[in-house]
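Structural features, examined
Each chain, written out:
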Amino acid sequence: MIPRSVLSIMPKGIREQLVQLAKQKEGIVQEIRIRASKPLLIVMNNEEYGLTPQGLGTVSRSWLVTYEEVQAILQFLSGYSLYALEDEIRQGYVTIEGGHRIGLVGKAVIEDKKVKTLKYISGLNIRLSHEFIGCSDKVMPYLISRDKVYHTLVVSPPKCGKTTLLRDIIRNLSNGYSGYGPYTVGVVDERSEVAGCYMGVPQNDVGLRTDVLDGCPKVEGMRMLLRSMAPDVIAVDEVGSLEDLQAIEEVLGAGVTIVCTTHGKDLEDCMKKPQLRHMLEQGWFEKVVVLSSRNGPCTVEQVEDFRRNQVSVC
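Anyway, here's the lowdown on the structure attached to this text. Here, residues in each chain are numbered from 1, in the same order as that chain's written sequence. A pLDDT threshold of at least 70 governs which residues receive local features in this predicted model, and a stricter bar of 80 or more applies before side-chain atom pairs are shown or counted, although totals over entire chains, interfaces and linings include all residues. Excluding hydrogens and water, the side-chain values take into account all heavy atoms of the structure.

Listed in full, the buried residues belonging to helix 10 (residues 274-281) are Leu276, Met279 and Leu280. Taken end-on, helix 10 shows its buried residues confined to a sector of 95 degrees, consistent with a single buried face. For this analysis, residues touch if any pair of their heavy atoms sits within 4.5 Å. Helical segments are the DSSP runs of H or I of at least four residues, strand segments are the runs of E of at least two, and each set is numbered from the N terminus. Elements in contact with the buried residues of helix 10: strand 8 (152-156), helix 8 (242-253), strand 14 (257-263), helix 9 (267-270) and strand 15 (287-292). Positioned one or two residues after helix 10, Gly283 has a phi angle of 75 degrees, which is positive. Partly exposed residues are those whose accessible area sits between 20% and 50% of the maximum for their type, while under 20% is buried and over 50% is exposed, using a 1.4 Å probe and protein chains only. To be clear, the arc concerns the directions from the helix axis to the C-beta atoms.

Dropping the structure here:
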């Protein structure tokens, strides 16, 4: 099913075909890729399809997107004022109601060696936000004890569900899980993917006791949460830079648990990255969860216990 907030920004012809798509086939639509003068592509269940009047079809028969249709989507998206979205466009994406993120490409306008905005926008990637409530239940017993929440790193290749798993871990910690907790959780949602905030309000279920800094850089956000929100746990997505390392060190020094994610195929892959290797070798993370897409998104391959040098296969 295509969310109402996504359908509402589509030109009539594309919108009508997306409505037909919802009637044709069950599945999880992950992305809608729209490029001027190119076929419209649908990514569903990790497979790529074209969009035809009958619903899904081959790419060669897909709806051919015009430049005017791309501009119409931008106008609907911005309420006919692209200036109102200038800050978001500078970052290369816009988040809409429901937490769905729309990536943008075009000609970058550079000022003082930084991207000021994008013009001549010709391509959009609509990444639909999906919640899988309960997807973290199988790993929660490894991440918590009567005394604490363990410092945890989720390792995952792209499109294997690391953000989805992180979101559900946050929800379980915030609401309390199987007699453990609840905990006050602070989330730095730099790219609006975890909580999926719209006008500051989370569109995804991140729990009752979760405070979200939306669109805030990770490093500054972690420090802000430490100073002002007294969290038990701080959660961030996609760490790995030297600045991230320094901020995480401050979180640990304050006695707050860190739960975060990073890109990587496995632990060996993480060890090739200097900052991640330092954090792992210094024992900053007590538990490491490795994901794959072997049995679909959020497939947990292993949970490694760095305290005891033990590996558990879920």
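The salt bridge definition used is simple: a Lys or Arg side-chain nitrogen within 4 Å of an Asp or Glu carboxyl oxygen. Here the structure, examined in full by the defined rule, presents 17 salt bridges. The salt bridge involving Arg90 is made with Glu86; its shortest N-O contact spans 4.0 Å. Note that Arg90 and Glu86 are positioned in helix 4 (residues 86-91) at a spacing of four residues, about one turn of the helix. Owing to a relative accessible area of 31%, Arg90 belongs among the partly exposed residues under this scheme. A salt bridge links Glu193 to Arg127, with the nearest nitrogen and oxygen atoms 3.5 Å apart. With a gap of 66 residues between them, Glu193 in the loop between strand 9 (185-189) and strand 10 (197-198) and Arg127 in strand 7 (residues 114-127) connect regions that are remote in the sequence. On the accessibility criterion, Glu193 (15% relative accessible area) is buried. Because the salt bridges share partners, they merge into one network encompassing Arg101, Arg127, Lys162, Arg191, Glu193 and Glu238.

This part is about the sheet that holds strand 6 (residues 100-111). Pairing between strands is defined by DSSP: at least two bridges between the two strands are required. The sheet built from seven strands is open, its strands ordered 4-3-2-1-7-6-5 with antiparallel pairing. Each edge of the sheet is formed by a strand with only one pairing partner; in this case those strands are strand 4 (55-57) and strand 5 (93-96). The mean inter-strand angle of the sheet, taken between neighbouring strand axes irrespective of direction, is 40 degrees. Where helix 3 (residues 67-78) meets the sheet, it contacts strand 1 (29-35), strand 5, strand 6 and strand 7, and its direction lies at approximately 105 degrees from that of strand 7. Convention adopted: a line fitted to C-alpha atoms gives each axis, helices being fitted over their contacting stretch, and angles between N-to-C directions are expressed from 0 to 180 degrees.

Helix-helix packing: each pair is described by the crossing angle between the helix axes and the interaxial distance. Two elements in contact, helix 7 (residues 218-228) and helix 8, have axes whose closest approach is 9 Å; the angle formed by their N-to-C orientations is 10 degrees. Between helix 7 and helix 8, the angle is such that the two are roughly parallel. Here Lys218, Val219, Met222, Arg223 and Leu226 of helix 7 lie close against helix 8, whose contacting residues are Glu243, Asp244, Gln246, Ala247, Ile248, Glu250 and Val251. Oblique is the label for every angle not falling under 35 degrees (roughly parallel), over 145 degrees (roughly antiparallel), or within 65 to 115 degrees (roughly perpendicular).

Planes of paired rings set the category: under 30 degrees apart is stacked, over 60 is edge-to-face and the rest tilted, where pairs are Phe, Tyr or Trp rings (Trp by its six-membered ring) whose centres lie within 6.5 Å. In this structure the tally under the stated criterion is one aromatic pair. With centroids separated by 6.1 Å and ring planes inclined at 85 degrees, the aromatic side chains of Phe76 and Tyr80 adopt a geometry described as edge-to-face. Looking at Phe76, the relative accessible area reads 34%, which means it is partly exposed. Both a distance and an angle decide whether a charge sits over a ring: NZ of Lys or CZ of Arg must be within 6 Å of the ring centre and within 35 degrees of the ring normal. Taking NZ or CZ as reference, Arg101 lies 5.0 Å from the ring centre of Tyr93, over its face. Of note, Arg146 hangs over the ring of Tyr180, and the distance from its end group to the ring centre comes to 4.4 Å.

What follows deals with the side chain of Thr299. Residue placement: Thr299 occurs in strand 16 (residues 299-305). Residues adjacent in sequence count toward polar contacts only when both atoms are side-chain atoms; beyond that, a polar contact is any pair of N or O atoms within 3.5 Å, and within protein one must be able to donate a hydrogen and the other to accept it. Polar contacts involving the side chain of Thr299 include one to the main-chain amide nitrogen of Asn295, which spans 3.0 Å. Leave out the neighbours within four places in its chain, and Thr299 touches Val290, Leu291, Ser292, Ser293 and Arg294.

Axis separation between helix 8 and helix 10 bottoms out at 9 Å; the angle between their running directions is 25 degrees. On the basis of their axis angle, the class for helix 8 and helix 10 is roughly parallel. Relative to helix 10, helix 8 is oriented so that their crossing is right-handed. Seen from helix 8, the contacting residues are Leu242, Leu245 and Ile248; seen from helix 10, they are Gln275, His278 and Met279. Two helices cross in a left-handed way if the nearer one is turned anticlockwise from the farther one by less than a right angle. They cross in a right-handed way if the turn is clockwise.

This part covers the pairing of strand 3 (residues 47-52). Bridge count between strand 2 (residues 41-44) and strand 3: four bridges; the pairing is antiparallel. Across the sheet, residue Leu41 finds its bridge partner in strand 3, namely Gly50. Here strand 2 folds back onto strand 3 in antiparallel fashion, the turn holding two residues, of which Asn45 has a positive phi close to 50 degrees. With three bridges joining them, strand 3 and strand 4 adopt antiparallel strand pairing. What sits directly across from Leu51, in strand 4, is Leu56. Between the end of strand 3 and the start of strand 4, which pair antiparallel, lie two residues.

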